[in-house]
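Examination of the molecular architecture
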Amino acid sequence: MAQEMSEEEKAQREFFIGLLHGEAFKRMFEPDFDEKARNKCLEATGRLCNSLFLPYAGLSTDVDIDTFIKNFNNAFPGERKLVKIGSVIYYEYFQGAGSHTARGECGCPMIRQGHLKPTPLWCKCGTSFEKAMFEAVVKHPVQVELLDSPLTTGADACRWLIHLKPPVITTGGAEEQ
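Described in the following lines is the structure provided in the data block.

Side chains bearing opposite charge may pair, as long as their charged atoms lie close to each other. Evaluation of the coordinates by the stated rule reveals 12 salt bridges. A salt bridge links Arg 159 to Asp 156, with the nearest nitrogen and oxygen atoms 3.0 Å apart. For Arg 159, a relative accessible area of 13% corresponds to the buried category. On the accessibility criterion, Asp 156 (31% relative accessible area) is partly exposed. Among the charged side chains, a salt-bridge network with shared partners connects Lys 40, Glu 43, Arg 47, Lys 131 and Glu 135.

We now examine the sheet that holds strand 3 (residues 143–148). Spatially, 4 strands are ordered 1-2-4-3 in an open sheet, and the strand pairing comes out antiparallel. A strand with exactly one partner marks an edge of an open sheet, and here the two such strands are strand 1 (80–85) and strand 3. Mean inter-strand twist for the sheet, computed between neighbouring axes without regard to direction, equals 20°. Pairing geometry for strand 1 and strand 2 (residues 88–93), over 6 bridges, is antiparallel. What sits directly across from Val 83, in strand 2, is Tyr 90. Strands strand 1 and strand 2 of the sheet are contacted by helix 4 (residues 65–75), whose axis makes an angle of about 155° with strand 1.

Calculation notes
- Residues numbered from 1 in each chain as written.
- Predicted model: local features only at pLDDT ≥ 70, side-chain atom pairs only at ≥ 80, totals over all residues.
- Heavy atoms only, no water.
- Salt bridge = Lys/Arg side-chain N within 4 Å of Asp/Glu carboxyl O.
- Buried < 20%, exposed > 50% of the residue type's maximum accessible area, 1.4 Å probe, protein only.
- Pairing = 2+ DSSP bridges.
- Helix = DSSP H or I, 4+ residues; strand = E, 2+ residues; numbered from the N terminus.
- Axes fitted to C-alpha atoms, helices over the stretch in contact; angles between N-to-C directions.
- Contact = heavy atoms within 4.5 Å.

See the structure below:
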């Protein structure tokens, strides 16, 4: 279950919020901003956010993937569901199942708390968040495929495929990471 944040984690979170309010992040969403640079910024943001999330959630990446999935599902009952079939994990994040977000709304805490404007571009950040987490567990690159989200498709949940081995893409929606 979620743990109370340490003072260091609170300081990191405040620093992160400060970065997000900075001019660089505001500029990043302007139409003439370089798309490759934007994607790199969103990737870095997702990885940083994940580094704050794992200790908060009390999850260790120093376990095998099956144990991690079990621990993850137990940490967020009814809110997050991971099912591994072969070398692919089907991951659903049901916003609204917990106490913090209405079903069908973006579950990103920075958006939820009003620090960021909701835009489908932030889903690249979320995909990088998931990528960082699963790479930390399996200790090699993975590919994350966003299938649905409230911001991209209007879905009631975020849904990803986590390819633990090089995938055969079925939707044409693979992230270039």
